[in-house]
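Per-entry structural report
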Amino acid sequence: MFSIGAFAKYGGVSVRMLRHYDAVGLLRPAHVDPHTGYRFYEAGQLARLNRVIALKEFGLTLDQVGAVLDGALEAGELRGMLWLRRAELESAMAADAARMAQVEARLRMIESEGQMSSDDVVVERIPAMRVAELTAVVESFEPQLVTPVITSLYEELWSRMQAAGLRASGAAVAYYEKPEGPVTVHASIPVDSEPAPVPDFSVVDPPEVEAATLVRKGPAEQVIPSVQALARWIDTNGCTSTGPAREVTLSCPHCGDHAVTELQEPVARR
């Protein structure tokens with residue numbers, strides 16, 4: 001037999017943890033000295049300890065670990081529990097990867113500050129147009145919040161336009177409104193006629209505007225450096241924003257890194 005200190009060493013855990021496992025009935029000592037209260041363990045108990053640690057690191061609670069080891073769970077229940085935990089871990093990994101991508105994008109943004117030439121920005125007169133659109137509300141302008149919402153809106157809008165017999169007459173235009181609080185996201189597609197019958201989407205007429213524009217290539221999640229470059233140009237050139245910012249999809253062969261969009265910021269001279 002081993003003392004609790006020796007067993008903790010061989011098991012790679014702390015004495016305090018072994019005492020806790022004893023207290024909750026998860027791993028009882030093989031023997032307790034009736035006079036001193038010292039705990040002693042057998043080598044064969046390392047196998048149970050290893051399983052306790054493995055299941056605990058997998059995310060199960062100590063009660064769940066005990067139920068698994070003592071056979072209180074049916075195979076189907078255990079399988080469901082493990083699949084659920086797997087899904088939770090995959091979701092957490094995806095969230096961590098997304099956060100890492102945001103950090104890397106922000107670092108690239110910092111490294112490239114001031115490197116984009118003002119010659120890349122062009123002031124254009126954007127004509128009035130008629131668009132079919134769907135809208136949704138997101139908490140902020142963060143790309144990781146906006147991108148999945150705008151993507152879903154466009155998929156639904158295309159489907160509804162087809163059902164209404166309406167065809168696109170130009171490139172998709174997304175625009176964003178934030179008078180106060182959350183951001184209203186507009187997924188819109190130019191059309192040249194009214195749908196019939198009354199559709200389950202809006203048809204609106206964005207007005208003609210003069211806009212500072214910037215063409216960029218890359219995924220929507222990495223748009224912020226270009227947005228900031230446009231903002232610096234607007235400020236440097238004595239302009240002010242006069243309306244909702246727009247994003248026109250110029251090309252999207254499978255999107256991602258291949259997407260080409262034009263940022264349009266309606267402006268006026270101060």
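It should be emphasised that the depicted structure is a prediction, and the values quoted were computed from it without experimental measurement. (Residues numbered from 1 in each chain as written. Predicted model: local features only at pLDDT ≥ 70, side-chain atom pairs only at ≥ 80, totals over all residues. Heavy atoms only, no water.)

Re the sheet that holds strand β1 (residues 2-3)
Read across the open sheet, the three strands follow the order β1-β3-β2; overall the sheet is antiparallel. At either end of the open sheet lies a strand with only one pairing partner, and these are β1 and β2 (31-32). As paired elements, β1 and strand β3 (residues 39-41) share two bridges and run antiparallel to each other. Paired with Ser-3 across the two strands is Phe-40, which belongs to β3. (Pairing = 2+ DSSP bridges. Helix = DSSP H or I, 4+ residues; strand = E, 2+ residues; numbered from the N terminus.)

Concerning the confidence of the model for the protein chain
The share of residues in the protein chain with pLDDT of 70 or more is 89%, and the mean pLDDT across the chain is 84. The lowest-confidence element of the protein chain is helix α5 (residues 75-111), averaging 75 in pLDDT; the highest-confidence one is β2, averaging 94. (pLDDT = per-residue confidence, 0-100.)

Observations regarding the side chain of Thr-147
Its location among the elements puts Thr-147 in helix α6 (residues 143-163). Once residues within four sequence positions are removed from consideration, Thr-147 is found in contact with Ala-220 and Glu-221. (Contact = heavy atoms within 4.5 Å.)

Considerations on the pattern of salt bridges
Considering all chains together, one arrives at nine salt bridges under this definition. The residue Asp-22 makes a salt bridge to Arg-39 at a minimum N-O spacing of 2.8 Å. Residue Asp-22 is located in helix α2 (residues 15-23), and its partner Arg-39 is located in strand β3; the two are separated by 17 residues in the primary sequence. Residue class for Asp-22 comes out buried when judged on its relative accessible area of 11%. Among the ionic pairs, Arg-130 bridges to Asp-205, the shortest N-O distance being 2.8 Å. In this pair, Arg-130 is assigned in the loop between β4 (122-126) and β5 (131-138) and Asp-205 in the loop between β8 (202-204) and β9 (209-217), connecting sequence segments 75 residues apart. (Salt bridge = Lys/Arg side-chain N within 4 Å of Asp/Glu carboxyl O. Buried < 20%, exposed > 50% of the residue type's maximum accessible area, 1.4 Å probe, protein only.)

With respect to the side chain of Glu-133
Of note, Glu-133 is situated in strand β5. There is no salt bridge for the buried Glu-133, and the closest opposite charge comes from Arg-246, which lies 9.4 Å off by N-O distance. Side-chain polar atoms of Glu-133 contact the side chain of His-186, separated by 3.0 Å. Leave out the neighbours within four places in its chain, and Glu-133 touches Leu-157, Tyr-175, His-186, Ala-187, Ser-188, Phe-201, Ser-202 and Val-204. (Lys, Arg positive; Asp, Glu negative; His and termini not counted. Polar contact = N/O pair within 3.5 Å; in protein donor to acceptor, adjacent residues only side chain to side chain.)

Quick notes on the nonpolar core
Of all hydrophobic cores here, the largest spans 20 residues; its most connected members are Ala-132, Ile-150, Tyr-154, Leu-157, Met-161, Val-185 and Phe-201. Those elements that provide at least two residues to this core are β5, α6, β6 (173-177) and β7 (183-190). The element best represented in this core is α6, accounting for six residues. Here Tyr-154 is in contact with Ala-172, Val-173, Ala-174, Ala-187, Ser-188 and Ile-189, once residues within four sequence places are set aside. The next biggest cluster of nonpolar side chains, apart from the first, holds 16 residues, and it includes Phe-7, Tyr-41, Val-52 and Leu-55. (Core = buried A, V, L, I, M, F, W, Y, C linked by side-chain atoms within 4.5 Å.)

Here we look at α6
For α6, spanning 21 residues, the distance from its first C-alpha to its last is 30 Å, which sits close to the expected 30 Å at 1.5 Å a residue. When α6 is considered as a whole, its buried residues turn out to be Pro-143, Val-146, Thr-147, Ile-150, Leu-153, Tyr-154, Leu-157 and Met-161. Along the axis of α6, the buried residues cluster in a sector spanning 140°; they form a single face. In α6, the exposed positions that point more than 90 degrees away from the buried face belong to Glu-155 and Ala-163. Contact partners of the buried residues in α6: β5, β6, β7 and α7 (224-236). Positive phi appears at Gly-165, one or two residues downstream of α6, with a value of about 70°. (Expected span 1.5 Å × (residues − 1). Arc of directions from axis to C-beta.)

Focus: the environment of Val-24
Structurally, Val-24 is set in the loop between α2 and β2. For Val-24, a relative accessible area of 46% gives the class partly exposed. Separated by 39 residues in sequence, Val-24 and Asp-63 have C-alpha atoms that sit 8.7 Å apart.

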